[in-house]
Amino acid sequence: MPRSRRSFLKQSVATVAAASVAGCAPDGDGESGAASDGGTRAGATGTRASPLPASTLRAVGEAVLPAELGDDGRERAVAAFERWSDGLEPVAELAHPYLVPETRYSGPDPRPGWAAQLQGLEKECRARFGSEFGEIDVAARRNLLAGPVGQAGTGLGSPSNAGHVAVALMAHFFRSPTATDLCYGRVIAKQQCRGLDGALGEPVHVAGSEGGAP
Amino acid sequence: MSRVIESDVCIIGAGITAAMVAERLAERTNASITIIEAGQRTASLAERTNTRARMLAYGENPYPNDHIPDQTGTGNMYRQMVVGGSAMHWGGAIPRYSPEDFRIRSLYGVGCDWPISFDDIEPYYQEAEERIGAAGEQGPEDCDPRSKPYPMPPLPLSYNLARMREWTDSAGIPFWTQPWARNTEPYRGRNVCQRCDTCAVCPTGAKYTPDFAFDQLLAQGRIDLVTRTLVRRLALEPGTDRIAAAEAVNRDAPTEPIEFRAGTFVLAGGHAWSSHLLLLSANSRFPDGLANRTGNVGRYMTGHWYVSGFIDLPMRLYPGIFANNSLLTHRFASPGPLDRYVRHDIRLWESDVGRVPRLRNGDGGLLWGDEVMADWRERTDSGATARIRSYYDVLPDRDSRLTLDGANTNALGDPMPRIDYRPAQASLDLEDHTHNTIFGRFEHLARAAGGSMMSRRTSRLWEHPGGGCRMGDDPATSVVDRWGRTHDHENLFVVGAPTIVSSGCANGTLTFCALSLMAAEEIGNGLGGG
Ligand SMILES: Cc1cc2nc3c(=O)[nH]c(=O)nc-3n(C[C@H](O)[C@H](O)[C@H](O)COP(=O)(O)OP(=O)(O)OC[C@H]3O[C@@H](n4cnc5c(N)ncnc54)[C@H](O)[C@@H]3O)c2cc1C
Ligand code: SF4
């Protein structure tokens, strides 16, 4: 039975992980979105429940993530974003830039703002359409999102710096190894422990995308 | 009253240069060795899997507690003060300097010659490469001289770099694989590289970091490593110029001083803190600071500048296969006779610049979902990006200087360092010529591929900094001799970065290590070892 691109990706990432030596980072589930779902923060109080309203977030995901991911793929991407968001520590010490003698910290917690944005979407939707955000069609959802998302610049930078939750969700997915592999139609598996063998070969096609990027 | 700790050799600082000295002395002498480190231990190898994950996900510092909040200077300097020093975070690029670097005055009439030649330092380069575990490819002999093979085969070229090497070959410029402090075979109990591409923090231990050496020496009972202990000054033996003690405080008990007494002192504090400690140690015999009779401590602070850019290539590459490997050429660091001085390396990396997903298309229109993917694919289908960068050497002015900054003190009230780098006039006069020459070579490379420069920039960040205690035969113009022994104090050595004369056009740490091993040989000779 031919495998879908998504099941191929899932399996290839699992194979990479199995080939890893002890000490290699597990790199999340690879399919999930982030290069990593984050690890545990020393001194952190543990994983928090996501403060982001789950159904609205998923409805946003349908509007801003690629449809080619399919329902399962989008669900995995949104769930990975939630895990990432749960692990986010505000005002954490950042990696030192090269040859800069000061210490730098990440910004304040973006999640209360993101949660409020999702609640705001629901309110506006009810006011305008008398229904929930997830019940209006994708084009209408994008219309509602266009205003706040339009305030962002061109790039998809670090999700934690995103002013709007939709941009954070997009940045989290599109910067992931999964998105890169989908874009190229090849199993590059960036930043995953892949071993040195195989570096020289052209990355294999993601199943279902032979003959060029899908 | 101070607590006293005695040893034959006292090493101040626990960075990579200290690791070199300690390892060699431990192997070749019976000397007792104490290492004092102001910082503490950071993430162990086992913890790096997790800190790596957090760095990738959130940009967090993968080395908790790697610096001392109130111990920080002004100017270009590393933040790290930790067991292992800056080489916990380093990338591990370990090229040698070129033979020309040691003779630029004789060959080109600029800067200063070193008191040593490439041939003098070559065996110590080899030794450093063996201690660190270097994986490298022999380049053409006329621009990559070495007497023995690398200890390990090079990192394999990725598909991307192999395609890029075909391109650079067609441009008639020899490139070879960057030598790295990363294992391509199991080496000294450490793993093989897994190509996970986050070399600032290596979760496998394939990248050399000095903590491995210290752990081994500790397990063998060959060193004492005293952490969280800041040396505040070096004190003289009454009536002589010999160093008697390093006066320190444990940062957890700053009111209880500790005196480290030793026959030989090795200052391995890196490019900033070494000169700083000598200046802090001023006394009535040396009112301007120790080792500073001729006023050269803190002077000739140096480093290299760079020019860089991105090249648009008409080829299909897959950024992400191995971003932390690169191609290198030293062809232009060993250029032969020159009408006008310019020497530099060139490095090439895969890159995704200009080819990452974005929120808006070229016209500024917002993109959603599949549109983002389509826009991204359009730009990756149309070609690839290479990152290109050249380090070029900048000759330091005598007034390129580290001084004590009374306006910035630590919690103990000690003034912190301030570094004001300044290039010699000769370098300023050569700057345009240097940029034009290097950018001309970038253009040549781009054209050879049928590509074009996407962007270019110049930088005056003094990379791989050194100086402040430069070496020389003449005490009037230098602080230490060729072995790192201070001209003024027979039992005080300064090792590594502070002792360089100029910083060439290659990453400096391997040279700092080789210089430290030279010093260790001289110290060992004095201890009946070698
Ligand atoms: C992100 C990054 C990437 C890099 N990549 C590369 C690379 O690829 N190739 C390369 O060649 N170089 C690289 N470098 C530079 C390299 O790390 C340094 O050149 C090298 O580690 C310097 O070693 P050192 O022993 O001279 O000094 P340091 O590493 O600075 O160690 C000195 C130690 O001495 C301690 N100390 C200082 N003063 C005192 C005192 N008074 N009392 C007690 N302890 C004291 C400090 O706390 C410190 O831990 C990189 C650096 C960074 C930060
Ligand atoms: S690529 Fe190799 S050296 Fe770099 S972090 Fe991964 S395992 Fe370590």
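Reading guide: rules and limits
- Residues numbered from 1 in each chain as written.
- Chains lettered and ligands numbered in written order.
- Predicted model: local features only at pLDDT ≥ 70, side-chain atom pairs only at ≥ 80, totals over all residues.
- Heavy atoms only, no water.
- Helix = DSSP H or I, 4+ residues; strand = E, 2+ residues; numbered from the N terminus.
- Rg over C-alpha atoms; globule rule 2.2 N^0.38 Å.
- Buried < 20%, exposed > 50% of the residue type's maximum accessible area, 1.4 Å probe, protein only.
- Contact = heavy atoms within 4.5 Å.
- Areas by Shrake-Rupley, 256 points an atom, 1.4 Å probe, with all protein chains shown as cover.
- Lys, Arg positive; Asp, Glu negative; His and termini not counted.
- Charge placed at Lys NZ, Arg CZ, Asp CG, Glu CD.
- Near = heavy atom within 4 Å.
- Polar contact = N/O pair within 3.5 Å; in protein donor to acceptor, adjacent residues only side chain to side chain.
- Nonpolar A, V, L, I, M, F, W, Y, C, P; charged D, E, K, R; others polar.
- Salt bridge = Lys/Arg side-chain N within 4 Å of Asp/Glu carboxyl O.
- Core = buried A, V, L, I, M, F, W, Y, C linked by side-chain atoms within 4.5 Å.
- Buried area = accessible area lost by both parts, 1.4 Å probe.
- Pairing = 2+ DSSP bridges.
- Phe/Tyr/Trp six-rings, centres within 6.5 Å; stacked < 30°, edge-to-face > 60°.
- Lys NZ or Arg CZ within 6 Å of the ring centre and 35° of its normal.
- Expected span 1.5 Å × (residues − 1).

Thoughts on the overall build of chain B
Helix and strand counts for chain B stand at 10 helices and 15 strands. The C-alpha radius of gyration of chain B comes to 24 Å, within 12% of the 24 Å expected for a compact globule of 530 residues. With the C-alpha coordinates of chain B rotated into their principal frame, the extents come out at 75 × 55 × 45 Å. Put simply, chain B has 530 residues, and 65% of those count as buried. Of the contacts formed within chain B by residues at least 6 apart in sequence, a portion of 73% connects residues at least 24 apart. By element, 47% of the accessible surface of chain B is carried by carbon and sulfur atoms, the whole surface being about 17500 Å². Between the mean site of the 55 positive side-chain charges and the mean site of the 65 negative ones, chain B shows a separation of 2 Å.

Observations regarding the overall build of chain A
Counting secondary structure elements, chain A contains seven helices and zero strands. Its helices and strands taken in sequence order, chain A reads α-α-α-α-α-α-α from the N to the C terminus. Taking all 214 residues of chain A together, the buried fraction comes to 50%. For chain A, long-range pairs separated by at least 24 residues make up 59% of all intrachain contacts whose partners lie at least 6 apart in sequence. Here chain A displays about 9300 Å² of accessible surface, and carbon together with sulfur accounts for 53% of that area.

Section: the site of ligand 1
Taken together, 34 residues surround ligand 1, and among them Thr17, Glu37, Ser86, Ala93 and Thr509 of chain B come closest. Site remark: ligand 1 is flanked by residues from chains A and B. Here a nitrogen atom of ligand 1 sits 3.0 Å away from a polar atom, N or O, in the main chain of Ala38 of chain B. At 3.2 Å from an oxygen atom of ligand 1 is found a main-chain nitrogen or oxygen belonging to Ala87 of chain B. Burial of ligand 1 by the protein amounts to 93% of the accessible area it has alone, namely 1000 Å². Where the shell around ligand 1 is concerned, the elements lending two or more residues are α1 (16-28), β5 (229-236), α7 (270-280) and α10 (509-526) of chain B. Broken down by element, the residue count for the shell around ligand 1 peaks at three residues, all from β5 of chain B. A class-by-class count of the residues in the shell around ligand 1 yields 17 nonpolar, 16 polar and one charged.

A short note on the site of ligand 2
Not every one of the 13 residues close to ligand 2 is listed here, only the nearest: Cys193, Cys196, Asp197, Cys199 and Cys202 of chain B. Residue composition of the shell around ligand 2, grouped by class: seven nonpolar, three polar and three charged.

Re the pattern of salt bridges
Side chains bearing opposite charge may pair, as long as their charged atoms lie close to each other. All names here are of chain B. Inspection of the entire model under this criterion finds 44 salt bridges over all chains. Between Glu129 and Arg146 there is a salt bridge, with its nearest N and O atoms 2.8 Å apart. Taken as a pair, Glu129 in helix α4 (residues 118-132) and Arg146 in the loop between α4 and α5 (159-170) lie far apart in primary sequence, 17 residues in all. Taken individually, Glu129 and Arg146 each receive the classification buried, so the pair is uniform in this respect.

Details of the nonpolar core
Counting 126 residues, the largest nonpolar core has Ile11, Ile132, Trp167, Leu234 and Leu278 of chain B as the members making the most contacts within it. Among the elements that make up this core, the one with the highest residue count is α10 of chain B (10 residues). Listed in part, the 51 residues of the second largest apolar core include Val64, Leu144, Ala162 and Phe173 of chain A.

Considering unusual backbone geometry
All names here are of chain A. Backbone geometry places Ala189, a non-glycine residue, at a positive phi of 55°. Tracing the backbone through its elements, the reader meets Ala189 in the segment after α7 (177-184). At Gln191, a position not held by glycine, the phi torsion is positive, near 60°. Its place among the elements puts Gln191 in the segment after α7.

Quick word on the interface of chain A and chain B
With 75 residues of chain A at the interface, the matching set in chain B holds 67 residues. Carbon and sulfur atoms make up 59% of the area that chain A and chain B hide from each other, which totals about 5800 Å². When residues of chain A are sorted by the area they lose upon contact with chain B, Leu99, Tyr184 and Leu196 of chain A head the list and together hold 14% of the total. Salt-bridge contacts for Arg194 of chain A lead to Asp197 of chain B; the nearest nitrogen and oxygen are separated by 3.8 Å. Broken down by secondary-structure element, the contributors of at least two residues to the side of chain A that touches chain B are α2 (54-64), α3 (70-87), α5 (138-149), α6 (165-174) and α7 of chain A. Residue contributions to the side of chain A that touches chain B peak at five residues, all from α7 of chain A. A breakdown of the residues in the side of chain A that touches chain B according to their chemical character gives 42 nonpolar, 19 polar and 14 charged.

Section: the environment of Leu118 of chain A
All names here are of chain A. Checked against the element boundaries, Leu118 lands in helix α4 (residues 111-129). Along the primary structure Leu118 and Val165 are separated by 47 residues, whereas in three dimensions their C-alpha atoms are 7.7 Å apart. Filtering out sequence-adjacent residues up to four positions away, Leu118 remains in contact with Leu52, Pro53, Thr56, Leu57, Val60 and Val165.

Digging into the side chain of Thr184 of chain B
All names here are of chain B. Among the structural elements, Thr184 can be located in the loop between β3 (176-177) and α6 (210-219). Residue Thr184 is classed as buried on the basis of its relative accessible area, which comes to 14%. Of the polar contacts made by the side chain of Thr184, one reaches the backbone oxygen of Pro153; its length is 2.7 Å.

Details of the pairing of strand β11 (residues 384-393) of chain B
All names here are of chain B. Counting buried positions along β11 yields nine of 10 residues, so the element is predominantly enclosed. Bridge count between strand β8 (residues 299-313) and β11: 10 bridges; the pairing is antiparallel. Counted as the bridge partner of Gly309 is Ile388 from β11. Here five bridges tie strand β10 (residues 346-351) to β11, and the two strands are oriented antiparallel to one another.

Description of the sheet that holds β3 of chain B
Residue and element names in this part refer to chain B. Reading across from one edge, β3-β9-β10-β11-β8-β14 is the order of the six strands in this open sheet, with antiparallel pairing throughout. Looking along the sheet, the strands with just one partner apiece sit at the ends: β3 and β14 (452-468). Relative to β14, β8 is paired through 10 bridges, and the arrangement is antiparallel. If you follow His304 over to β14, its bridge partner there is Glu463.

Points about the packing of aromatic side chains
Residue and element names in this part refer to chain B. Per the counting criterion, the structure on display carries 19 aromatic pairs over all chains. Centre to centre, the rings of Phe102 and Trp114 are 4.8 Å apart; their planes meet at 65°, and the pair counts as edge-to-face. Separated by 12 residues along the polypeptide, Phe102 in the loop between α2 (45-58) and α3 (104-108) and Trp114 in the loop between α3 and α4 bring together distant segments of the chain. The residues Phe102 and Trp114 share a single accessibility class, namely buried. Over the ring of Tyr150 we find Arg146; its NZ or CZ atom is 3.6 Å from the centre of that ring. Across the ring face of Tyr306, the terminal group of Arg389 is positioned such that the distance to the ring centre comes to 5.8 Å.

So, α10 of chain B
With 18 residues, α10 of chain B extends 26 Å from end C-alpha to end C-alpha; this agrees with the ideal 26 Å at 1.5 Å per step. A positive backbone phi angle near 80° is found at Gly528 of chain B, which sits one or two residues after α10 of chain B.

Treat this as a map of the structure, not an account of what it does.
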